[in-house]
Amino acid sequence: MDTGNIDQGAARTAAALRVQLAQVTAAAQALERTATDARSRQYLAALDQSVCRMLRIVGRLELSGRLGGEDGPVRLENALIDLAQLTRELGERLGQLLAFAGVELRVSAPEWVGALADQGLIRQMLMELVSNAAKAGGHVSLTLAEQGRRAVFTVEDDGPGVDPERLSRLFSGEEGGVPDWHKGGVGAAIARRVADLHGGTLVADCAPGKGLRVTVSIPLGTPGGTVCRTPEIVWDRGGFGEELIALSDLLPVEAFGPGDK
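The rules behind the values
Residues numbered from 1 in each chain as written. Predicted model: local features only at pLDDT ≥ 70, side-chain atom pairs only at ≥ 80, totals over all residues. Heavy atoms only, no water. Helix = DSSP H or I, 4+ residues; strand = E, 2+ residues; numbered from the N terminus. Buried < 20%, exposed > 50% of the residue type's maximum accessible area, 1.4 Å probe, protein only. Contact = heavy atoms within 4.5 Å. Areas by Shrake-Rupley, 256 points an atom, 1.4 Å probe, with all protein chains shown as cover. Salt bridge = Lys/Arg side-chain N within 4 Å of Asp/Glu carboxyl O. Axes fitted to C-alpha atoms, helices over the stretch in contact; angles between N-to-C directions. Parallel < 35°, antiparallel > 145°, perpendicular 65-115°, else oblique. Left-handed = near helix turned anticlockwise from the far one by under 90°. Nonpolar A, V, L, I, M, F, W, Y, C, P; charged D, E, K, R; others polar.

A. Broad picture of the overall build of the protein chain. Each helix and strand counted, the protein chain has seven helices and nine strands in total. Considering the protein chain as a whole, with its 261 residues, one finds that 43% of them fall into the buried category. When contacts within the protein chain are restricted to residue pairs at least 6 apart in sequence, long-range pairs at least 24 apart make up 75% of them. Counting every atom, the protein chain has about 13,000 Å² of accessible surface; 53% of that belongs to carbon and sulfur.

B. Examining the pattern of salt bridges more closely. A full pass over the atoms with the stated rule returns nine salt bridges. The residue R56 makes a salt bridge to D249 at a minimum N-O spacing of 3.5 Å. One end of the pair, R56, is in helix α2 (residues 38–67); the other, D249, is in the segment after α7 (242–246), and 193 residues separate them in sequence. Between R123 and E242 there is a salt bridge; the shortest N-O distance is 2.5 Å. Note that R123 is positioned in helix α4 (residues 119–134) and E242 in helix α7, a separation of 119 residues in sequence. Residues joined in a network through salt bridges with shared partners are R56, R60, E128 and D249.

C. Molecular detail of the environment of T201. Counting through the fold element by element, T201 comes out in strand β8 (residues 201–206). Each C-alpha atom, one on T201 and one on V152, is 9.6 Å from the other, the two residues being 49 residues apart in sequence.

D. Structural view of the packing of α2 against α4. One can describe the packing of α2 onto α4 by two numbers: an axis separation of 13 Å at closest approach and a directional angle of 125°. Of the possible angle classes, the one that applies to α2 and α4 is oblique. The element α2 and its partner α4 pack so that their crossing is left-handed. Counting all contacts with α2, which are made through R56, R60, L63 and L67, the residues of α4 involved are L121, Q124, E128 and S131. Residues of the contact of α2 with α4, tallied by class, amount to three nonpolar, two polar and three charged.

Dropping the structure here:
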């Protein structure tokens, strides 16, 4: 089986889906300008929710392909960034959205943690981990600490936890050997891959009834002390915020109302 042709076919399919989703989004946004009654706005919110969920699936498929490394080493868009500011700002936006789902996100970060890292991939990693944790409901915490020459992110929930036998499958992106692009296992696998690419580690631990805790530790420099430069990975989000897309699987339709995005 020629896996290269399969990967190329998947990439072309994802690109075609993005074109169609962009057209649907444009039509919905045109309707939003004339929708005045509550029923019409509710229908448009449901449409926007579906578009966001499809964008999430397509984006994960594309990103997973790029991070697979089968076409050669994955190159990062590394730059000096403030991980603390990134954590606080992303946490604030995610917290506002998670409130629609009745989930409280607590964020803690020091004043400054500078690191050479790919900002887009670090953001994606944190969104995937927070989204997974929020599915447990209740409270989620996102913390950043500097330990020696490493930045340590911790995402923790107070849900029922994960069966130890399933935990390894969760972070491999597979359930029963078949990837499911809209479930949490793929997001966890993406987070682990991002940590690996930054020369870091991802550790998950849990106990029944005590929630799940995921810790990502990355060096403040880059592996080998070099900085790789490539064009930034940018997805056409159709006018939707990336945080809204990242949480679209668990947010209620009210979060997608016209003017809320």
